Amino acid sequence: MQAIVFTRRGGVTTVRRAERSVPVPGPGEVRVRLRVSGVNPLDAKWRGRADDLEYVPHHDGAGVVDAVGPGVDAARTGERVWVWGAGWQRSEGTAQEFVVLPAELAVPLPDNASFELGASLGIPALTAHRCLTLGEGGPQRLGPGALAGRTVLVAGGAGAVGNAAIQLARWAGAAVVTTVSSPEKAVLAKAAGADHVVDYRAEGAAEEIRRFAPAGVDLVAEVNVAQNSALDRAVLAPGGTVACYATVDGEKLVLDIREMMMSNFRWQGVFLYAISAPAAENGVAAVSAAVADGALRCGAEAGLPLHRYPLDEVVAAQDAALDPAVIGKPLITLP
Ligand SMILES: NC(=O)c1ccc[n+]([C@@H]2O[C@H](COP(=O)([O-])OP(=O)(O)OC[C@H]3O[C@@H](n4cnc5c(N)ncnc54)[C@H](OP(=O)(O)O)[C@@H]3O)[C@@H](O)[C@H]2O)c1
């Protein structure tokens with residue numbers, strides 16, 4: 001089978017396309033014949049970090065289970081699945097034709113969902129789900145009506161996580177306001193289902209959000225806390241939560257402790273791979289249910305344009321995931 005292998009030694013990364021033998025699933029594992037590999041900013045960031053490492057990149061993907069190891073229900077063979085966490089602390093990611101991984105990381109993909117949607121779920125949708133379940137009083141798992149009566153601010157509604165957060169929050173019945181930086185991104189955020197879109201670079205962005213949510217927003221899914229903390233503070237309702245899921249190294253957040261205390265604000269960090277097992281299970285179940293309901297979609301019509309690359313162009317796809325000029329989701333189509 002064909003795989004893309006990254007080798008990093010002495011600070012230098014080399015990339016090669018390799019012919020490897022098809023792996024055999026062990027106890028508790030399945031083998032997935034991958035159709036699409038999902039690319040995230042983390043993949044590009046990781047490329048420059050780890051050293052003394054040989055690995056196949058990418059965490060997300062979608063395909064069909066074609067073999068199961070001991071202890072896994074044989075009926076899973078032939079099942080369409082979405083894959084998440086494949087490459088986390090393992091050297092076998094999804095930039096290859098077959099991947100072997102723990103059975104629970106290959107999740108049944110509803111019949112109505114394409115492999116491209118399946119490969120777009122993983123990191124973005126599970127991170128969004130975690131952000132949306134951190135508010136006062138939960139819920140721990142999203143579902144229709146779970147956020148009824150709540151107002152959510154999604155920072156960066158044209159991003160991959162932001163797009164999933166809008167779609168999941170709307171599915172769960174929240175009122176959703178989102179921020180973007182351009183009219184083009186506003187169109188995408190609307191397509192994702194946002195009730196109201198605000199240009200965060202414009203004068204009076206906080207007032208504009210307050211006009212939509214006079215009592216304040218209950219929850220913020222925050223992509224740039226260093227830049228947006230003043231805006232978030234200005235629009236948070238008492239007891240509100242800011243779920244902070246992104247940063248660049250070294251950024252600091254200075255908080256007014258009295259204000260935070262008197263308003264019962266929470267600033268909560270989110271790193272997908274460090275969340276608890278129950279939180280991950282809730283995310284996987286809710287994301288699958290939203291897909292089955294047709295409430296979580298991809299493509300420009302759902303606010304998330306897709307950019308397709310062949311296996312040989314993994315590096316270009318990863319660069320695109322980090323490039324602010326590329327709006328949408330890079331995907332690798334496997335042979
Ligand atoms: N903690 C975790 O577990 C976790 C999980 C997933 C992703 N992440 C990280 O989260 C970040 C986003 O991931 P992604 O896949 O969604 O990337 P993406 O598709 O590139 O989206 C990022 C979005 O953030 C917007 N943005 C940047 N600065 C903003 C600001 N001040 N206010 C509002 N929006 C702003 C960008 O648009 P404009 O610049 O035009 O505003 C862009 O639309 C990445 O750094 C990624 O590594 C972390």
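Residues numbered from 1 in each chain as written. Predicted model: local features only at pLDDT ≥ 70, side-chain atom pairs only at ≥ 80, totals over all residues. Heavy atoms only, no water.

1. Considering the overall build of the protein chain
Tallying secondary structure elements over the protein chain gives 9 helices and 16 strands in all. At 20 Å, the protein chain has a C-alpha radius of gyration in line with the 20 Å of a compact globule built from 335 residues. In terms of principal-axis extent, the alpha carbons of the protein chain reach across some 60 × 45 × 35 Å. With 335 residues in all, the protein chain has 53% of them scored as buried. (Helix = DSSP H or I, 4+ residues; strand = E, 2+ residues; numbered from the N terminus. Rg over C-alpha atoms; globule rule 2.2 N^0.38 Å. Buried < 20%, exposed > 50% of the residue type's maximum accessible area, 1.4 Å probe, protein only.)

2. Re the nonpolar core
Of all hydrophobic cores here, the largest spans 87 residues; its most connected members are Val-32, Trp-82, Trp-84, Leu-101, Leu-132 and Leu-168. Of the residues forming this core, the biggest block, 10 residues, is contributed by helix α2 (residues 115–132). A domain-level breakdown of this core finds at least three residues from each of domain 1 (2–114 + 298–333) and domain 2 (128–273). Beyond its immediate chain neighbours, meaning those up to four positions away, Val-32 contacts Gly-63, Val-64, Val-65, Asp-66, Val-81, Val-83, Glu-97, Phe-98, Val-99, Leu-101 and Ala-106. Among the nonpolar cores identified, the runner-up in size contains 17 residues, and Val-177, Val-217, Leu-236 and Phe-265 belong to it. (Core = buried A, V, L, I, M, F, W, Y, C linked by side-chain atoms within 4.5 Å. Domains from an automatic or database assignment. Contact = heavy atoms within 4.5 Å.)

3. Quick look at the domain arrangement of the protein chain
Parsing the protein chain into structural domains produces domain 1 (2–114 + 298–333) and domain 2 (128–273). With 16 residues of domain 1 in contact, the opposing surface of domain 2 contributes 13 residues. In total, about 1,100 Å² of surface goes out of reach between domain 1 and domain 2, with carbon and sulfur atoms giving 62% of it. Linking domain 1 with domain 2 are 0 salt bridges, by the criterion used here. Across the contact surface, domain 1 and domain 2 share 3 residue pairs in polar contact (both at pLDDT 80 or more). (Buried area = accessible area lost by both parts, 1.4 Å probe. Salt bridge = Lys/Arg side-chain N within 4 Å of Asp/Glu carboxyl O. Polar contact = N/O pair within 3.5 Å; in protein donor to acceptor, adjacent residues only side chain to side chain.)

4. Side note on the side chain of Gln-318
With respect to the helices and strands, Gln-318 occurs in helix α9 (residues 314–322). Exposure remark for Gln-318: the relative accessible area of 0% places this residue in the buried category. Excluding residues within four positions of it along the chain, Gln-318 makes contact with Phe-6, Val-39, Asp-43, Ala-44, Arg-47, Pro-57 and His-58.

5. Considerations on the site of the ligand
If you check the shell around the ligand, you find 23 residues, and the closest are Lys-45, Ser-181, Lys-185, Tyr-200 and Tyr-245. In this structure, Ala-160 approaches the ligand through a main-chain N or O atom, which is 2.9 Å from an oxygen atom. Val-270 places a main-chain nitrogen or oxygen 2.8 Å from a nitrogen atom of the ligand. Notes on the ligand: free accessible area 910 Å², of which the protein chains cover 82%. Looking at the shell around the ligand, its residues break down into 13 nonpolar, 8 polar and 2 charged. Of the domains in this structure, domain 1 (2–114 + 298–333) and domain 2 (128–273) are the two that each give at least three residues to the shell around the ligand. (Near = heavy atom within 4 Å. Areas by Shrake-Rupley, 256 points an atom, 1.4 Å probe, with all protein chains shown as cover. Nonpolar A, V, L, I, M, F, W, Y, C, P; charged D, E, K, R; others polar.)

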